Amino acid sequence: MKVKKVLVLLLIPVFCDMLVACCDCGEPQLFRYTNKVLELEHLDNRGQSAVVVAGEPALKEAYGIRLTVKGETTAFKTPSFSFFINRSYAFSCGCDPAIQYLPKDSITAIYVITVNDFDAQHPAGTDISAYFRLYTWNNFTSIDDYLQKDAKIFSYDEPKQIILNALLMQPPASSGVYRFKIVMDLSDGRRFDKETSTIELL
């Protein structure tokens, strides 16, 4: 019984220190990441949520393209975590993440180009970006509106990647085999230019 009392007395200062720490968020450690690779996948959006399809046809009224932009840290060091130093972040006190990765560059433009004749107004090689909407955070938004948002900030344990589901709002005039090209401009002058594989839209 005495041992338990001694342990309780020893732990009281520790818990008090934790409670105080919750009201004193430290400055986060800041690092940088750069957008490195663009990957494309076909989406079938006929169900409750969009799913990736490969080598299978999709309904033209429920088609989409998943854009995954993978980032890479530019100045990385292994953060040193300490139970006492980072305790304020461990108790959900409303603090910002202790480790944050800020963008070194950002996406400034996204274009969707049809490789095949799409409809009477959009022959092969024309921009059909206006026919797509980005579905992010349970909301539909135009590509232009999305580009007005602040660039993504990641915490230490998050994958450094941006996933955008571009869903086709205006299907092509007829069923057939289609391919699309995504052109993405970055703030540092680089450009991603990549085509999807072919897909049959029914």
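It should be emphasised that the depicted structure is a prediction, and the values quoted were computed from it without experimental measurement.

Asker: Hey, could you run me through the overall build of the protein in this one?
Answerer: Scanning the protein from terminus to terminus reveals three helices and 13 strands. Expressed as a percentage of its 202 residues, the buried residues of the protein come to 37%. The long-range share in the protein, meaning contacts at least 24 apart out of those at least 6 apart in sequence, stands at 71%. Of the roughly 12,200 Å² of accessible surface on the protein, a fraction of 54% belongs to carbon and sulfur atoms.

Asker: Explain the sheet that holds strand S5 (residues 107-114) to me, please; I cannot follow it from the model alone.
Answerer: Strand pairing in a sheet is mediated by backbone hydrogen bonds. Such pairs are either parallel or antiparallel. Read from one edge of the open sheet, three strands run S5-S11-S12, paired in antiparallel fashion. At either end of the open sheet lies a strand with only one pairing partner, and these are S5 and strand S12 (191-195). When strand polarity is set aside, the average angle formed by the axes of neighbouring strands in this sheet is 10°. In this sheet, S12 lies alongside strand S11 (residues 180-186) in antiparallel orientation, the contact comprising five bridges. Among the inter-strand pairings, Met-184 is bridged to a residue of S12, identified as Phe-192.

Asker: I would appreciate a short explanation of a nonpolar patch on the surface in the present structure.
Answerer: A contiguous nonpolar patch, built from Tyr-135, Phe-140 and Met-169 and spanning about 300 Å² of accessible area, is present on the exposed surface. Among the secondary structure elements, Tyr-135 is positioned in strand S6 (residues 132-136).

Asker: Looking at this structure, how should I read the nonpolar core?
Answerer: Generally speaking, a soluble globular protein has its nonpolar side chains buried in company with each other. One finds Ile-65, Leu-67, Ile-110 and Met-184 to be the most contacted residues of the largest nonpolar core, which totals 36 residues. Aside from chain neighbours lying at most four places away, what touches Ile-110 is Leu-67, Ser-129, Ile-143, Leu-147, Leu-164, Ile-182, Val-183 and Met-184.

Asker: Help me understand the packing of aromatic side chains in this model?
Answerer: All chains considered together, the criterion is met by seven aromatic pairs. Judged by centre distance (5.6 Å) and plane angle (45°), the ring pair of Phe-118 and Tyr-131 falls under tilted. Of the two residues, Phe-118 sits in the loop between S5 and S6 while Tyr-131 sits in the loop between S5 and S6, which places them 13 residues apart along the sequence. As far as the burial class goes, Phe-118 and Tyr-131 line up, both buried.

Asker: It is not clear to me how the pattern of salt bridges should be interpreted in this structure. Could you clarify?
Answerer: Scanning the entire structure with this criterion turns up six salt bridges. With a shortest N-O distance of 3.5 Å, Lys-70 and Glu-39 are connected by a salt bridge. Of this pair, Lys-70 sits in strand S3 (residues 63-73) while Glu-39 is found in strand S1 (residues 29-44), placing the two residues 31 residues apart along the sequence. Owing to a relative accessible area of 33%, Glu-39 belongs among the partly exposed residues under this scheme. Taking the shortest distance from any N to any O, the salt bridge between Arg-191 and Asp-185 comes out at 2.6 Å. When salt bridges with common partners are traced through the structure, they connect Asp-105, Asp-188 and Arg-190 into a single cluster.

Asker: Would you mind going over the pairing of strand S9 (residues 161-168) with me for this structure?
Answerer: In the case of a regular strand, side chains alternate between the two sheet surfaces. With six of eight residues buried, S9 lies mostly within the body of the structure. With seven bridges connecting them, S3 and S9 associate as antiparallel partners. Opposite Ile-65, over in S9, you have Ala-166 as the bridge partner. Bridge analysis of S6 against S9 gives four bridges, and the strand direction is antiparallel. Looking at the pairing, Tyr-135 lines up with Asn-165 of S9.

Quick notes on the rules
- Residues numbered from 1 in each chain as written.
- Predicted model: local features only at pLDDT ≥ 70, side-chain atom pairs only at ≥ 80, totals over all residues.
- Heavy atoms only, no water.
- Helix = DSSP H or I, 4+ residues; strand = E, 2+ residues; numbered from the N terminus.
- Buried < 20%, exposed > 50% of the residue type's maximum accessible area, 1.4 Å probe, protein only.
- Contact = heavy atoms within 4.5 Å.
- Areas by Shrake-Rupley, 256 points an atom, 1.4 Å probe, with all protein chains shown as cover.
- Pairing = 2+ DSSP bridges.
- Axes fitted to C-alpha atoms, helices over the stretch in contact; angles between N-to-C directions.
- Patch = residues over 30% accessible without salt bridge, like charges linked within 9 Å, V, L, I, M, F, W, Y side chains within 5 Å.
- Salt bridge = Lys/Arg side-chain N within 4 Å of Asp/Glu carboxyl O.
- Core = buried A, V, L, I, M, F, W, Y, C linked by side-chain atoms within 4.5 Å.
- Phe/Tyr/Trp six-rings, centres within 6.5 Å; stacked < 30°, edge-to-face > 60°.

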